[in-house]
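As a plain string of letters, each chain reads:
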Amino acid sequence: MVDFIMKDILGTPSILIGLFALVGLLLQKKSAADTVSGTLKTVMGFVILGAGAAVIEGSLGVFREMFEKAFAIAGVVPNTDAMAAIAQKSFGTETALIMVFGMIANILIAKFTPFKYIFLTGHHTLYMAAMLAVVLVTGGVTGVPLVIIGSLLLGAMMVFSPAILQRYTRQITGSDDFALGHFGSFGYFMAGFIGKLVGDKTKTTEDIKVPKSLGFLRDTSVAISLTMAILFLVVAPFAGPSFIESELSGGTNFIVFIFIQAVTFAAGVYIVLAGVRMAIGEIVPAFKGIAEKVVKGAKPALDCPTVFPFAPNAVIIGFLSSFAGGILSVFLLPLVGLTVIVPGLVPHFFCGATAGVFGNATGGRRGAIIGAFVNGIIISFLPALLLPVLGSLGLEGTTFGDTDFGIIGILLGKLLSFFG
């Protein structure tokens, strides 16, 4: 029963979000038809979002293998999903307890403080709980103190993370209906802050002039397909057609294969955006019930793709700029004696794209480019600095990739080390 509740219910983002929507609709005393429809559409929206993310990750996985083969780069590849799964093998109970009590702490903090945010990105809640469990155990904290410290830290982060971004999130969405709940907030905050310093928000990425002869590029899906096709074509000759056809494509001609992968990536983005629109359309009205009855004035903090529809051009610009920062970091990290962090396409896409949207909101095109580029450097250096505080898990060949994991993990690890 405990495994069913903690892993199958609380550990499944779409079910967790659906439960919040159900509670909100019931508190508003909606009709049975509206309650069933709203709950199912909320779950469906996040299932669609997850399906799109899986398609994107599959295409990026192919690109990563080509990239590593082409340039013979060896090092640690950040993958928060994989690292959390590894952590749960050894720290499953601690992770589950921190997650459950952390969510309760989030609600209590939102109820009794001015920070009215309920963090609804379930998988990131789980991942942060896993990282806190690893760092605390490595630092010598176990038992009840581990659960108390981990839960309070998690609950605080679930409120603080969306709070520091909200002024920028309002500029992106043009409303105050929801917040961003994703543990890459430090990188997004820096992108928004830098964008304001270096750019002009009136020169937005969404106003990029496209000649009539290239009018087809105004379609986001077409633009993304062509951009990814170019990236694949640049890397393919270095990886070698024979490698692609023997190891990746199953014998399909490498040109045909990389073209399909590029279009598959664009299809994944399209699916994500469709899921976001459906989920937002249901969760925000449903959440009003929770805000009015449980935590008055609370805002739902949702996953990072929820801001993608507000600046689709900034999404692809942010991804490419963040990836460029990651490539530069490959050469910078050894110079300062740190482990090489191989640019992980998944964090650079989701976090880089989000950073591009935030940079664009405050600094237009220049803000999107520079803000996301800085994010790319940050998510390369922080994972390298985090490795020593992860104990034996720091030798697994992967690590937590998003900025907040690095910030919290490093600070907590150093603090535990200071107190022996």
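Residues numbered from 1 in each chain as written. Predicted model: local features only at pLDDT ≥ 70, side-chain atom pairs only at ≥ 80, totals over all residues. Heavy atoms only, no water.

Moving on, we come to the side chain of Asp402. Mapped onto the fold, Asp402 is located in the loop between β5 (398–399) and α13 (403–418). Overall, the relative accessible area of 7% leaves Asp402 in the buried class. Side-chain polar atoms of Asp402 contact the side chain of His124, separated by 3.2 Å. Among all residues touching Asp402, those that are not within four sequence positions of it are Thr80, His124, His182, Phe183, Gly184, Pro347 and Cys351. (Helix = DSSP H or I, 4+ residues; strand = E, 2+ residues; numbered from the N terminus. Buried < 20%, exposed > 50% of the residue type's maximum accessible area, 1.4 Å probe, protein only. Polar contact = N/O pair within 3.5 Å; in protein donor to acceptor, adjacent residues only side chain to side chain. Contact = heavy atoms within 4.5 Å.)

Across all of its chains, the model carries 16 aromatic pairs by this definition. Both rings, one in Phe265 and one in Phe349, keep their centres 5.1 Å apart while their planes meet at 80°; by these two values the pair is edge-to-face. Remark: Phe349 occurs in helix α12 (residues 345–386) and Phe265 occurs in helix α10 (residues 254–293); sequence separation between them is 84 residues. Of the two residues, Phe265 and Phe349, both sit in the buried class. Taken together, Phe63, Phe67, Phe232, Phe265, Phe308, Phe319, Phe323, Phe349 and Phe350 form an aromatic cluster joined through their ring pairs. Its guanidinium or amino end placed over the ring of Phe112, Lys111 lies 5.9 Å from that ring's centre, counting from NZ or CZ. (Phe/Tyr/Trp six-rings, centres within 6.5 Å; stacked < 30°, edge-to-face > 60°. Lys NZ or Arg CZ within 6 Å of the ring centre and 35° of its normal.)

All right, on to the nonpolar core then. Leu60, Met66, Met228, Phe265, Phe319 and Phe349 are the most contacted members of the largest nonpolar core, which has 118 residues in total. Broken down by element, this core gets its largest block of residues, 16 residues, from α10. Dropping the residues within four chain positions of it, Leu60 is found in contact with Met228, Phe265, Phe319, Leu345, Val346 and Phe349. Within the second largest apolar cluster, 5 residues are counted, among which are Val76, Leu333, Ile341 and Leu387. (Core = buried A, V, L, I, M, F, W, Y, C linked by side-chain atoms within 4.5 Å.)

Attention now goes to the environment of Ser221. With respect to the element layout, Ser221 can be found in helix α8 (residues 220–239). Through-space distance from the C-alpha of Ser221 to that of Pro347 is 20 Å; in sequence the pair is 126 residues apart. Setting aside residues up to four positions removed in sequence, Ser221 forms contacts with Ala266 and Tyr270.

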